[in-house]
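# Survey of secondary and tertiary structure
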Amino acid sequence: MKAQEKGKARAAPPRPAVRDLLLEAASAVMSERQSIDVPLTDIAARAEVNVALVSYYFGGKEGLLLALAKRDATMALGELDRLLSLNISPAEKLRRHLSGVIRTFFLRPYLYRLLAALMRDSSEENAREITTFFAEPLARTAKELMEAGIADGTIRPIDPELFYMAALGACEQIFANRSILKFVHGVEELDETLQRRYADVVLEVLMHGYLAPRET
């Protein structure tokens, strides 16, 4: 009896489902190579499964990329929902949201480019799904926060839609230009410390651009 219990204690944890393995593998390979253009064979090899299973579970590469984008976007939207429930000012919510966006791009540096590529290059149905599922609610929420801040005087009047487009570009810039970090600034690895420093700089610049000047 004790021998059986000992054997059970040493049993390996259950292997994740193949679908999840492929999603994690795609995320890992794209993060490591700093590119969304990776062969399915490399993704399948990382997941240690037959490449034919990509078609079985996702219908092909575009389906796999769409599923990955939706998975990651769902996590980001969940964080946004929690932020919006806090009893803090619209300006502070916007600041924390932008900090969270930078953190998301640090953890998944391919996400912004993947979403843009899917909306630009995939089928009309998939592009509409990504736009409706992720881009539209994100832009709408940011606009509402900007407008609420303008109304309460903590944010100066500025075009909320164009501001948010500019802010997203700033949030993603360091992750899209790793070669500049390496060959111009001599930075081999973008780690937690650099991510936090970058967030501080971006938020400092953006906040001085969107916060109303305080009365002296």
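This text follows the structure it describes.
What you are looking at is a predicted structure, and each value in this text was computed from that prediction instead of being measured.

### Looking at the overall build of the protein
Helices and strands together make up the secondary structure of the protein, namely 11 helices and 0 strands. The linear arrangement of helices and strands in the protein, starting from the amino end, is α-α-α-α-α-α-α-α-α-α-α. Based on the C-alpha atoms only, the size of the protein along its principal axes is roughly 75 × 50 × 40 Å. Each of the 216 residues in the protein was classed as buried or not, and the buried ones make up 37%. Contacts in the protein between residues at least 24 apart in sequence constitute 68% of all its contacts with a sequence separation of at least 6. Split by element, the accessible area of the protein, about 12,800 Å² in all, is 54% carbon and sulfur. One finds the centroid of the 28 positive side-chain charges in the protein at a distance of 7 Å from the centroid of its 30 negative side-chain charges.

### Considerations on the layout of surface pockets
As a volume, the largest pocket reaches approximately 790 Å³. Together, 30 residues line the largest pocket, and Val101, Phe134, Leu138, Tyr164 and Leu168 are the ones closest to its centre. Sorting the residues of the lining of the largest pocket by element identifies helix H5 (61-84), helix H6 (90-107), helix H7 (111-121), helix H8 (124-152) and helix H9 (160-176) as the ones contributing at least two each. Looking at the lining of the largest pocket element by element, the count peaks at 8 residues for H6. Looking at the lining of the largest pocket residue by residue, the class counts come to 20 nonpolar, 3 polar and 7 charged. As for the second largest pocket, its lining consists of Gly153, Thr154, Met207, His208, Leu211, Ala212, Pro213 and Arg214. Per-class residue counts for the lining of the second largest pocket are 4 nonpolar, 3 polar and 1 charged.

### Brief notes about the packing of helix H2 (residues 18-33) against helix H3 (residues 40-47)
For the pair H2 and H3, interaxial distance at closest approach is 8 Å and the crossing angle is 115 degrees. In this structure, the crossing between H2 and H3 has a hand that is right-handed. Residues Leu21, Leu22, Ala25, Ala26, Ala28, Val29, Glu32 and Arg33 of H2 pack against Asp42, Ile43, Ala44, Arg46 and Ala47 of H3. The class makeup of the residues in the contact of H2 with H3 is 9 nonpolar, no polar and 4 charged.

### Overview of unusual backbone geometry
Glycine aside, the phi torsion of most residues is negative, and most peptide linkages are trans. Residue Gln34 is not a glycine yet carries a positive backbone phi of 55 degrees. Relative to the helices and strands, Gln34 is located in the loop between H2 and H3. A positive phi angle is found at Glu48, which is not glycine, with a value near 60 degrees. Secondary-structure assignment places Glu48 in the loop between H3 and helix H4 (52-58). Looking at Glu48, the relative accessible area reads 63%, which means it is exposed.

### Notes on the nonpolar core
If you look at the biggest cluster of nonpolar residues, it comprises 59 residues, and the most contacted ones within it are Leu22, Met30, Leu64, Leu94, Leu98 and Leu114. The biggest single contributor to this core is H5, with 10 residues. For Met30, the residues in contact, after removing those within four places along its chain, are Ser35, Ile36, Val38, Leu65, Leu68, Tyr110 and Leu114.

### Points about H9
Every α-helix winds through 3.6 residues per turn, so residues three or four apart in the chain are directed the same way. Look at H9: 24 Å from first C-alpha to last across 17 residues, which is about the 24 Å you get at 1.5 Å a residue. The sharpest bend along H9 comes to roughly 25 degrees, located at Ala170. Where H9 is concerned, the buried positions are Pro160, Phe163, Tyr164, Ala167, Leu168, Cys171, Glu172, Ile174 and Phe175. The secondary structure elements touched by the buried residues of H9 are H6, H7, H8, helix H10 (178-183) and helix H11 (192-210). You can read the cap of H9 off the contacts: a side-chain oxygen lies 3.0 Å from the backbone nitrogen of Glu161, and it is on Asp159.

Cut-off values and rules
Here, residues in each chain are numbered from 1, in the same order as that chain's written sequence. Since the coordinates come from a predicted model, pLDDT governs what is reported: local features require at least 70, and pairs of side-chain atoms require 80 or more to be given and counted, while whole-chain, interface and lining totals use all residues. Excluded from the side-chain calculation are hydrogens and water; included are all heavy atoms of the structure. The secondary structure listing takes helices from DSSP runs of H or I that are at least 4 residues long and strands from runs of E that are at least 2 residues long, numbered from the N terminus. Throughout, exposure labels follow a simple rule: accessible area from a 1.4 Å probe, protein chains only, divided by the maximum for the residue type, with under 20% read as buried, over 50% as exposed, and the rest as partly exposed. Any pair of residues with heavy atoms lying within 4.5 Å of one another is described as a contacting pair. The protein chains shown are the only cover counted for residues, whose accessible areas, like all others here, come from Shrake-Rupley with a 1.4 Å probe. A positive count includes Lys and Arg, and a negative count includes Asp and Glu. His and the chain ends are not counted in either. Charged groups are reduced to one reference atom each: NZ for lysine, CZ for arginine, CG for aspartic acid, CD for glutamic acid. Cavities and pockets are found on a 1 Å grid laid over the protein atoms alone: a cavity is a set of points where a 1.4 Å probe fits but cannot escape, a pocket is an open set with protein on both sides within 12 Å along at least five of seven lines, and a lining residue has an atom within 4 Å of such a point. Grid points are joined across faces, edges and corners, and a volume is the space filled by probe spheres set on the points. Classification used: nonpolar for Ala, Val, Leu, Ile, Met, Phe, Trp, Tyr, Cys and Pro, charged for Asp, Glu, Lys and Arg, polar for all others including Gly. Angles run from 0 to 180 degrees between N-to-C directions of axes, and those axes are lines fitted to C-alpha atoms, restricted for helices to the stretch in contact. Crossings are sorted by hand: turned counterclockwise from the far helix by less than a right angle, the near helix makes the crossing left-handed, and turned clockwise it makes it right-handed. Residues belong to a common nonpolar core when they are buried Ala, Val, Leu, Ile, Met, Phe, Trp, Tyr or Cys residues joined through side-chain atoms within 4.5 Å. To estimate how far a helix should reach, multiply one less than its number of residues by 1.5 Å. For a residue, the bend is simply the angle between two axes, fitted respectively to the seven-residue segment ending there and the seven-residue segment starting there. Think of a polar contact as two N or O atoms within 3.5 Å of one another; within protein, one of them needs to be a possible hydrogen donor and the other a possible acceptor, and neighboring residues in sequence only count if both atoms come from side chains.

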